[in-house]
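Here is how the chains run, residue by residue.
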Amino acid sequence: MITFEGVSKYYDTTTALRNITLSVGRGETIFVTGPSGAGKSTLLKLIYAAEFPDTGRVTVDEWQSDRRNGSNIPSLRRNIGIVFQDFRLLGNRNVYDNVALALRVRKVPEREVKAHVLDALKMVNLRHKTDSFPPALSGGEQQRVVIARAVVGDPIIVLADEPTGNLDPDTAAGIMRIFKEINARGTTIVIATHNRELFRDTGKRVFRLDNAAVASEERG
Amino acid sequence: MPYPLKIALQSLWREKWINLLSMLTIAMGLLVISLVFSSLYNVGLFTRTLPEKFFIVAYLKDGLAENEIQKIVASIKASGPVEKVTYISKDEALRELKQSLKDAEYIVGGLDENPLNTLFPVSLKREAVGPEKVKELAGSLRKMNGIDDVQYGEKFLLSIDSVRTGMETIGLILMTVMISGVIFICYSTVKILFYRRKEEIETLKLLGATKTFIRTPFVIEGSVIGMAGGILSFAIALAFYFSVFSKLSATVPLMKTVVFPFDMFLLLPAVGLFLGVTGSLIALGRIRFE
């Protein structure tokens, strides 16, 4: 589903990722961990084509980073649900419209949008907040809206960048339960986190990045 | 309601002041364009009616026989873009002169013999009334046997032609400047709206939106602003027509010859729409995903 073949990424003189080779199978959940600045976010950005490798190749389903063009990047991203670290919610749209946006870019007919959005909000337990605007929500609620937006389009891959950062342990546990549910439907999940509690005893593969390279691969 | 239209309408309302200002400026720009166009239209109309009033006068030498005169008429008719040749005998010419002098007929009363020539006023085909062609035709008439002199309003023709050319040039420059101005206003409005929603656009791109999905609401906004400007300029023109122009036409004789090109003003909303779309598309430019 996702393959990194000898991928390196540089920002000016800084090396963000060095010679990364890994693969993630369909329906698998993996964790990417490591200290701040280790390259976790960059690795995710390479998957959703917000960054491109300087050397090597990233393959996501049928998309290949060395065969990218202006039209296949949007279609790649429509296959991926992203939980951004900084949420990227639109402050001037309510919760419903924020979640619906993921369906509208996929050209889902308006008559089907409502049912999908309400299902996704129900899953993250925010059905009662459809008319609220993001600035009026707590951090945990905003995080759950982002998750609802990431999964509403039924993507084949969900990427989550520090999905529980700054959340209390109970909320974090609730969010991880949601990811488990999504994974149970066959969705591939990649979670970047520095919180070891999230992958402890999960039995999932954990890639630890250090100094821009994969330092270890172990089971959580 | 389709989603892009909903977003466009929301943004039009949210940014109503900047949009209103742009719309007013576009309306004024379109009005200036219409004004220039109307002037050019009237100048064109005036110069188009000119050929009907214009003619070259060929004066014949004295003592020509009837068959020689007929030959000359035939040669004139064959010599290019001639519409009509009228024959005025020297007696007829004198009679007309006396008629035109009316009370002052005594001026010619004491003459022993008729000093006037037989003459042919030669009216030209519409397309031939231009300084170069008339000069050429007059030259060829002068060379004909039996023709004493040829006269036409050369200076008048030249000045009319230069006024028309001058006005057309200035008008075209003004119209180009104003059209560019209107496009620029649409361009800057959409650019401002685009920058204000830059973060939203970045999010849309990351969610997988296509270029068309991102562009459509902005193009709708540009079109609405442009078309609203066009409708407003049409309304102002209409108000001007009924409150000022029609009254002036009824009272000022000079204004009776001025035509208000109503059909052209009907096009203003469409012109506004076109310029709005053009400005928006230029403002949005290339949306890159890399």
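Residues numbered from 1 in each chain as written. Chains lettered and ligands numbered in written order. Predicted model: local features only at pLDDT ≥ 70, side-chain atom pairs only at ≥ 80, totals over all residues. Heavy atoms only, no water.

The next thing to look at is the overall build of chain B. Of the regular secondary structure elements, chain B holds 12 helices and 4 strands. Over its C-alpha atoms chain B spans a radius of gyration of 31 Å, topping by over 25% the 19 Å that the globule rule assigns to 290 residues. Seen through its C-alpha atoms, chain B measures out along the principal axes to roughly 100 × 45 × 30 Å. Counting all 290 residues of chain B, 41% fall into the buried class. Contacts spanning at least 24 positions in sequence make up 83% of the contacts within chain B whose residues lie at least 6 apart. If you sum the accessible surface of chain B, you get close to 16,400 Å²; carbon and sulfur atoms cover 65% of it. If you average the places of the 32 positive and of the 27 negative side-chain charges in chain B, the two averages end up 13 Å apart. (Helix = DSSP H or I, 4+ residues; strand = E, 2+ residues; numbered from the N terminus. Rg over C-alpha atoms; globule rule 2.2 N^0.38 Å. Buried < 20%, exposed > 50% of the residue type's maximum accessible area, 1.4 Å probe, protein only. Contact = heavy atoms within 4.5 Å. Areas by Shrake-Rupley, 256 points an atom, 1.4 Å probe, with all protein chains shown as cover. Lys, Arg positive; Asp, Glu negative; His and termini not counted. Charge placed at Lys NZ, Arg CZ, Asp CG, Glu CD.)

All right, on to the environment of Lys102(B) then. Residue and element names in this part refer to chain B. Take lysine 102: it is sitting in the loop between helix 4 (90-101) and helix 5 (106-109). Relative accessible area serves as the criterion here: at 62%, lysine 102 is assigned to the exposed category. Linking lysine 102 and tyrosine 187, residues 85 residues apart in sequence, is a C-alpha distance of 68 Å.

With 24 residues of chain A at the contact, the number on the chain B side is 19 residues. Roughly 2,000 Å² of surface becomes buried between chain A and chain B when both sides are summed, with 58% attributable to carbon and sulfur atoms. Contact with chain B buries surface across chain A, with Arg77(A), Arg88(A) and Arg93(A) losing the most and accounting together for 27% of the total. Joining chain A to chain B, the criterion identifies 2 salt bridges. With a shortest N-O distance of 3.9 Å, Asp97(A) and Lys6(B) are connected by a salt bridge. The set of elements that each furnish at least two residues to the side of chain A that touches chain B consists of helix 2 (72-78) and helix 3 (95-104) of chain A. (Buried area = accessible area lost by both parts, 1.4 Å probe. Salt bridge = Lys/Arg side-chain N within 4 Å of Asp/Glu carboxyl O.)

This paragraph deals with the pattern of salt bridges. This model, assessed by the stated rule, comprises 17 salt bridges over all chains. In this structure, Arg205(A) and Glu28(A) form a salt bridge, with 2.6 Å as the shortest nitrogen-oxygen distance. Note that Arg205(A) is positioned in strand 9 (residues 205-210) and Glu28(A) in the loop between strand 2 (14-24) and strand 3 (29-33), a separation of 177 residues in sequence. Of the two residues, Arg205(A) and Glu28(A), both sit in the buried class. For Glu221(B), the salt bridge is made with Arg197(B), and the minimal N-O distance between the two is 2.9 Å.

Nonpolar side chains tend toward joint burial in soluble globular proteins. All names here are of chain A. Phe179 and Ile182 are the most contacted members of the largest nonpolar core, which totals 40 residues. Listing elements by their share of this core, those giving two or more residues are helix 3, helix 4 (110-123), helix 5 (139-151), strand 7 (157-161), helix 6 (169-184) and strand 8 (188-192). Apart from the residues lying within four places of it in its own chain, the contact partners of isoleucine 182 are Met123, Ile147, Val151, Val158, Thr187 and Ile189. In terms of nonpolar packing, the next biggest core, distinct from the first, is built from 34 residues, Leu22, Ile73, Leu159 and Leu209 among them. (Core = buried A, V, L, I, M, F, W, Y, C linked by side-chain atoms within 4.5 Å.)

All names here are of chain A. Burial of strand 8 is extensive: 5 of the 5 residues sit out of reach of the surface. Alternating positions in strand 8 separate into two faces, Thr188, Val190 and Ala192 on one and Ile189 and Ile191 on the other, with burial throughout. Summarising the sheet, strand 3 and strand 8 pair through 4 bridges and their orientation is parallel. Note on strand 8: the bridge partner recorded for phenylalanine 31 is isoleucine 191. As paired elements, strand 7 and strand 8 share 5 bridges and run parallel to each other. (Pairing = 2+ DSSP bridges.)

Before going further, it helps to examine the domain arrangement of chain B. Interface extent is often summarised as the accessible area lost during association of the parts. Parsing chain B into structural domains produces domain 1 (3-49 + 164-284) and domain 2 (55-151). Here domain 1 of chain B and domain 2 of chain B have C-alpha centroids that lie 53 Å from each other. (Domains from an automatic or database assignment.)

Turning our attention to helix 6 of chain A. Residue and element names in this part refer to chain A. For helix 6, built from 16 residues, the straight-helix expectation of 22 Å at 1.5 Å per residue is met to within 8% by its first-to-last C-alpha distance of 22 Å. Residues Ala172, Gly174, Ile175, Met176, Ile178, Phe179, Ile182 and Asn183 constitute the buried set of helix 6. Residues of helix 6 that are buried in the fold lie against strand 3, strand 6 (80-83), helix 4, helix 5, strand 7 and strand 8. For helix 6, the N-terminal capping position is held by aspartate 168, with its side-chain oxygen 3.1 Å away from the main-chain nitrogen of aspartate 170. (Expected span 1.5 Å × (residues − 1). Polar contact = N/O pair within 3.5 Å; in protein donor to acceptor, adjacent residues only side chain to side chain.)

Now for the sheet that holds strand 3 of chain A. Residue and element names in this part refer to chain A. A sheet is described by the order of its strands in space; here 6 strands give the open sequence 6-7-8-3-9-10, paired in mixed fashion. Every interior strand has two partners, whereas the edge strands, strand 6 and strand 10 (213-219), have only one. The mean angle between the axes of side-by-side strands here comes to 15°, regardless of whether they run parallel or antiparallel. Relative to strand 6, helix 5 is tilted by about 170°, and along the sheet it contacts strand 6 and strand 7. (Axes fitted to C-alpha atoms, helices over the stretch in contact; angles between N-to-C directions.)

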